[in-house]
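Architecture at a glance
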Amino acid sequence: MAEATTTEPAAPETTAEATPVSTSPGLTAPDLEAWMDGYLPYALKRGDIAGAVVVVVKDGQVLLQKGYGYADLEARTPVDPETTLFRPGSVSKLFTWTAVMQLVEQGKLDLDADVNTYLDFEIPARDGQPVTLRNIMTHTTGMEEQIRGLITDKPEEIVPLGEALKYWVPERIFAPGGTPAYSNYATALAGYIVERVSGQSFDDYLDQHIFAPLDMQHASFRQPLEPELLALMSKGYATASDGKAKDYEFISLAPAGSLAASGGDMAKFMIAHLQDGAGLLKPETAEQMHGTGQASVGPLNRMMLGFYETTTNGHRAIAHGGDTQWFHSDLQLFPDDGIGIFISVNSSGKEGAPGKIRGYLTQAIADRYLPGPSAGGTDEAVDEATAKAHAQAMAGNYESSRRPDSNFMSIVNLLGQVQVVANEDGTISVPMLTNHGGAPRKWREISPWLWQDVDGGERLAADVVDGQVVRFSAEPLAAIMVFERLPWWKSSALLLPLLGLSLFVLLATVVAWPVSALVRRHYGVPYKLGGADARAHRRIRWTALAVSATVLGSFGLVITMMSDLNLLSPASDLYVNLMRLVATVVLPLGALLALANAWHVLRAVVACRRRSGRWRSRCPACSCCGSASRRTCWATAPTTDPLLVSRMVRGHAPRASFPEVTP
């Protein structure tokens, strides 16, 4: 095993052209293990994570392969890096992409052919353009996010791959080839194509063409997992302190994330890719896979054929991360340096700990052992005035290209908008993008429309059309998604307050119903409205109740489903379709009834003013104006005058002057 040695610092040169000499420690097994032992146990404890596995390979050999914590808290079973299986989540996709490239080099697949050539159902074109395997591998199919039916803990809900793909076909919300929008569905589609072209099930193909050649004996995509491997599977946890093991997670779109593998087997896969695909691909195919990039925004890291670019400190890097509900993983390769890193943890932990740990780990290893220049700007200077102007141009709300758009789950888009803030010093902040410590990052412009994290090398860039920012992205997300500018009328800064105000009015109207009846009964105030006025008064109360229940029910259903992805299975279709039906009927009808009520009240106001010239006459219609009209949903405030109510309760106002209210 070839190991680097520590480079001693050279004596300082006196000439201006002196070249600095690295004083970083060499990447050796003892130094790496000592560093890892000092960091990871503390990080797991702080993040409330039960266990982890870490593997580092270099120059075709395993440099470090170690387990930390427990695979089973109840049994106190430690993590064995060689045999304990973890769930790498979307790192599984790299195996699917490798299978696709094997068939490409055999001439059985064409990256630029319409995928319908290989399917037994149709993926509709968008703007006359079909989906290709190149689009799929670079996440530029233009498909909306499909959240539903992704994960379940019920094995009976797993259906054959083709059937799952045909059940929900996502809408195409972008033209192909231009907008990165990460898609589990598209990856599963590639796996189905592997099945159809090879004539084997996806599981059989991987067993024969990937796992067997690499002697990966502790790896499988199969669901349910083979009994002998299931016995070696790490438990998954929400937190270590909770200690309750979760059920095995089944992935309905298996090629996108159903792999279970040990750290030792992941080392074999990394070594194969670092050695030009040895045992898996021809060198030219591996080079094509690792080096063919699809641009995102500006000069940011690109999406390769399956891997996303994560170049760090000037060292070329490609990677893929992955998450299930309980397991969180990352795989990083530095092809030019012969180094690969894999980490997986078996708990969701607290405060986003898994993401911070895996992000910091790879960056810290690169900083310690692969120093070099950070990503920087160009020679194009940005003066202070320009920086502030560009920061103001960036400020606003954006939505992710990776989003549900045409289905019930699109409600989450309103809650998940991304905000860009212009700071007084000319920097920008994106509250959603935090550093490894969880603090918001600040980005300083280093060349026109290109910013860099003031505390690191990651960059943020914008696409500008006719002087207007239309979208931006930031590393490391740039390869798989961008953030598109929202018009003011779709901004959550406007819509959420309006929604809150509307709900307040609706709920106040509903609550005022029984309260007003009780107050009226207590003070013996008769209900004086009659005829059309009384009917309109009662109708708007029922409308407010129905609309409130529908809105709150819709948000409640979505939030509940997002908090437990098992609820996004086909078994929830009844509730989703019922809520869709209710919302489709109640909301438009409620709006029409509210408008009709407003028109009825307006006519009453005009009639009363014509009769008496006074705004508040004692006629029933004017009473309707004073109470019912102000309780109209969507547009008016709750009914009774708080000052008058207070005076009535204290006995300072005559009962006859109390406004009429509906039971």
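Residues numbered from 1 in each chain as written. Predicted model: local features only at pLDDT ≥ 70, side-chain atom pairs only at ≥ 80, totals over all residues. Heavy atoms only, no water.

1. Concerning the overall build of the protein
In terms of regular secondary structure, the protein is built from 17 helices and 20 strands. Burial analysis of the protein (663 residues in total) assigns 52% to the buried set. In the protein, once contacts between residues fewer than 6 apart in sequence are set aside, the share between residues at least 24 apart is 67%. Element-wise, carbon and sulfur atoms account for 56% of the exposed surface of the protein, whose accessible area totals about 29000 Å². (Helix = DSSP H or I, 4+ residues; strand = E, 2+ residues; numbered from the N terminus. Buried < 20%, exposed > 50% of the residue type's maximum accessible area, 1.4 Å probe, protein only. Contact = heavy atoms within 4.5 Å. Areas by Shrake-Rupley, 256 points an atom, 1.4 Å probe, with all protein chains shown as cover.)

2. Overview of the packing of helix H2 (residues 93–105) against helix H5 (residues 184–198)
Each packed pair of helices is defined by two parameters, the angle between the axes and the distance between the axes. Look at H2 against H5: their axes get within 10 Å of each other, and the N-to-C directions meet at 40 degrees. Relative to H5, the element H2 lies oblique. The handedness of the crossing between H2 and H5 comes out as left-handed. Between H2, through Lys93, Thr96, Trp97, Ala99, Val100 and Leu103, and H5, the contact on the second element is made entirely by Asn184, Thr187, Ala190, Gly191, Val194 and Val197. Among the residues forming the contact of H2 with H5, the class breakdown is seven nonpolar, four polar and one charged. (Axes fitted to C-alpha atoms, helices over the stretch in contact; angles between N-to-C directions. Parallel < 35°, antiparallel > 145°, perpendicular 65-115°, else oblique. Left-handed = near helix turned anticlockwise from the far one by under 90°. Nonpolar A, V, L, I, M, F, W, Y, C, P; charged D, E, K, R; others polar.)

3. A look at the pattern of salt bridges
Going through the model one piece at a time under the given rule, you end up with 27 salt bridges. The shortest N-O distance in the salt bridge between Asp336 and Arg316 comes to 3.0 Å. With a gap of 20 residues between them, Asp336 in the loop between strand E11 (328–334) and strand E12 (339–345) and Arg316 in the loop between strand E9 (308–309) and strand E10 (318–323) connect regions that are remote in the sequence. On the accessibility criterion, Arg316 (30% relative accessible area) is partly exposed. Close ionic contact of Glu484 with Arg403 constitutes a salt bridge, the shortest N to O distance being 3.1 Å. Taken together, the positions of Glu484 in strand E20 (residues 483–485) and Arg403 in the loop between strand E13 (396–400) and helix H12 (411–415) put the pair 81 residues apart, joining distant regions of the chain. Each member of the pair, Glu484 as well as Arg403, carries the same accessibility label: buried. Via salt bridges that share partners, Asp204, Asp207, Arg222 and Glu226 belong to a single interconnected network. (Salt bridge = Lys/Arg side-chain N within 4 Å of Asp/Glu carboxyl O.)

4. Structural notes on the packing of aromatic side chains
The tally for this structure, following the rule as stated, stands at 15 aromatic pairs. Between Phe211 and Phe221 the ring centres are 6.4 Å apart and the planes differ by 25 degrees, which places this aromatic pair in the stacked class. Of the two residues, Phe211 is situated in helix H6 (residues 202–211) and Phe221 in the loop between strand E6 (219–220) and helix H7 (227–230); the sequence distance between them amounts to ten residues. Exposure class is identical for Phe211 and Phe221. Each is buried. Three or more aromatic residues joined by ring pairs form one cluster here, namely Phe95, Phe202, Phe211, Phe221 and Phe269. The ring centre of Trp326 lies 5.0 Å from the NZ or CZ of Lys246, which sits over that ring. (Phe/Tyr/Trp six-rings, centres within 6.5 Å; stacked < 30°, edge-to-face > 60°. Lys NZ or Arg CZ within 6 Å of the ring centre and 35° of its normal.)

5. Focus: the sheet that holds strand E4 (residues 85–86)
Read across the open sheet, the three strands follow the order E4-E8-E6; overall the sheet is antiparallel. Here the strands that pair on one side only, and so sit at the sheet edges, are E4 and E6. Bridge count between E4 and strand E8 (residues 260–262): two bridges; the pairing is antiparallel. Bridging across to E8, Leu85 finds its partner in Ser262. Lying on the sheet, helix H8 (residues 263–274) is in contact with E6 and E8; it crosses E8 at an angle near 90 degrees. (Pairing = 2+ DSSP bridges.)

6. Quick notes on the sheet that holds strand E17 (residues 450–453)
With antiparallel pairing, the eight strands of this closed barrel are ordered in space as E13-E14-E15-E16-E17-E18-E19-E20. Between one strand and the next, the sheet's axes are offset by a mean angle of 30 degrees, whatever the strand orientation. Pairing of strand E15 (residues 428–434) with strand E16 (residues 440–447), which is carried by three bridges, proceeds in the antiparallel orientation. Paired with Ile428 across the strands is Trp443, a residue of E16.

7. Focus on the side chain of Ser220
For Ser220, the location among the structural elements is in strand E6. Judged by its relative accessible area of 0%, Ser220 is buried. In this structure the side chain of Ser220 is engaged in a polar contact, spanning 3.0 Å, whose partner is the backbone nitrogen of Arg222. Polar side-chain contacts of Ser220 include one of 2.9 Å to the side chain of Glu226. (Polar contact = N/O pair within 3.5 Å; in protein donor to acceptor, adjacent residues only side chain to side chain.)

8. Quick notes on a nonpolar patch on the surface
A cluster of nonpolar residues, Leu578, Leu581, Val582, Val585, Leu589, Leu592 and Leu595, forms a patch on the protein surface that exposes about 660 Å² of accessible area. Secondary-structure assignment places Leu578 in helix H15 (residues 573–612). (Patch = residues over 30% accessible without salt bridge, like charges linked within 9 Å, V, L, I, M, F, W, Y side chains within 5 Å.)

9. With respect to the pairing of E11
Among the seven residues that make up E11, seven are buried, leaving the element largely enclosed by the rest of the structure. Judged by which residues are buried, E11 turns out to be covered on both faces: His328, Asp330, Gln332 and Phe334 on one side and Ser329, Leu331 and Leu333 on the other are all buried. Bridge count between E10 and E11: six bridges; the pairing is antiparallel. From the neighbouring strand, Ile318 faces E11, where its bridge partner is Leu333. Here E11 runs beside E12; their pairing, made up of seven bridges, is antiparallel. The residue of E12 that forms the bridge with Leu333 is Gly340. A loop of four residues connects E11 with E12, the two strands running antiparallel in sequence, and Gly338 in this loop sits at a positive phi of about 70 degrees.

10. Things to note about the environment of Ala261
Among the secondary structure elements, Ala261 is positioned in strand E8. Judged by relative accessible area, which is 1%, Ala261 ranks as buried. In this structure, the C-alpha to C-alpha distance between Ala261 and Phe86, residues 175 residues apart in sequence, is 5.5 Å. Contact partners of Ala261, with chain neighbours within four places excluded, come to Thr84, Leu85, Phe86, Pro88, His218, Ala219 and Met266.

11. Remarks on the pairing of strand E1 (residues 51–58)
The side chains of a regular strand alternate between the sheet's two faces. Within E1, eight of the eight residues are buried, leaving the element largely enclosed by the surrounding structure. Of the two faces of E1, the one carrying Gly51, Val53, Val55 and Val57 and the one carrying Ala52, Val54, Val56 and Lys58 are both buried. As defined by bridge partners, E1 adjoins strand E2 (residues 61–72) across eight bridges and the pair is classed as antiparallel. The residue of E2 that forms the bridge with Gly51 is Gly69. Bridge count for E1 against E12 is seven bridges, and the pairing is antiparallel.

12. Considering the side chain of Lys93
Here Lys93 is to be found in helix H2. Although Lys93 is buried, it makes no salt bridge; Glu145 carries the closest opposite charge, 8.6 Å away. (Lys, Arg positive; Asp, Glu negative; His and termini not counted.)

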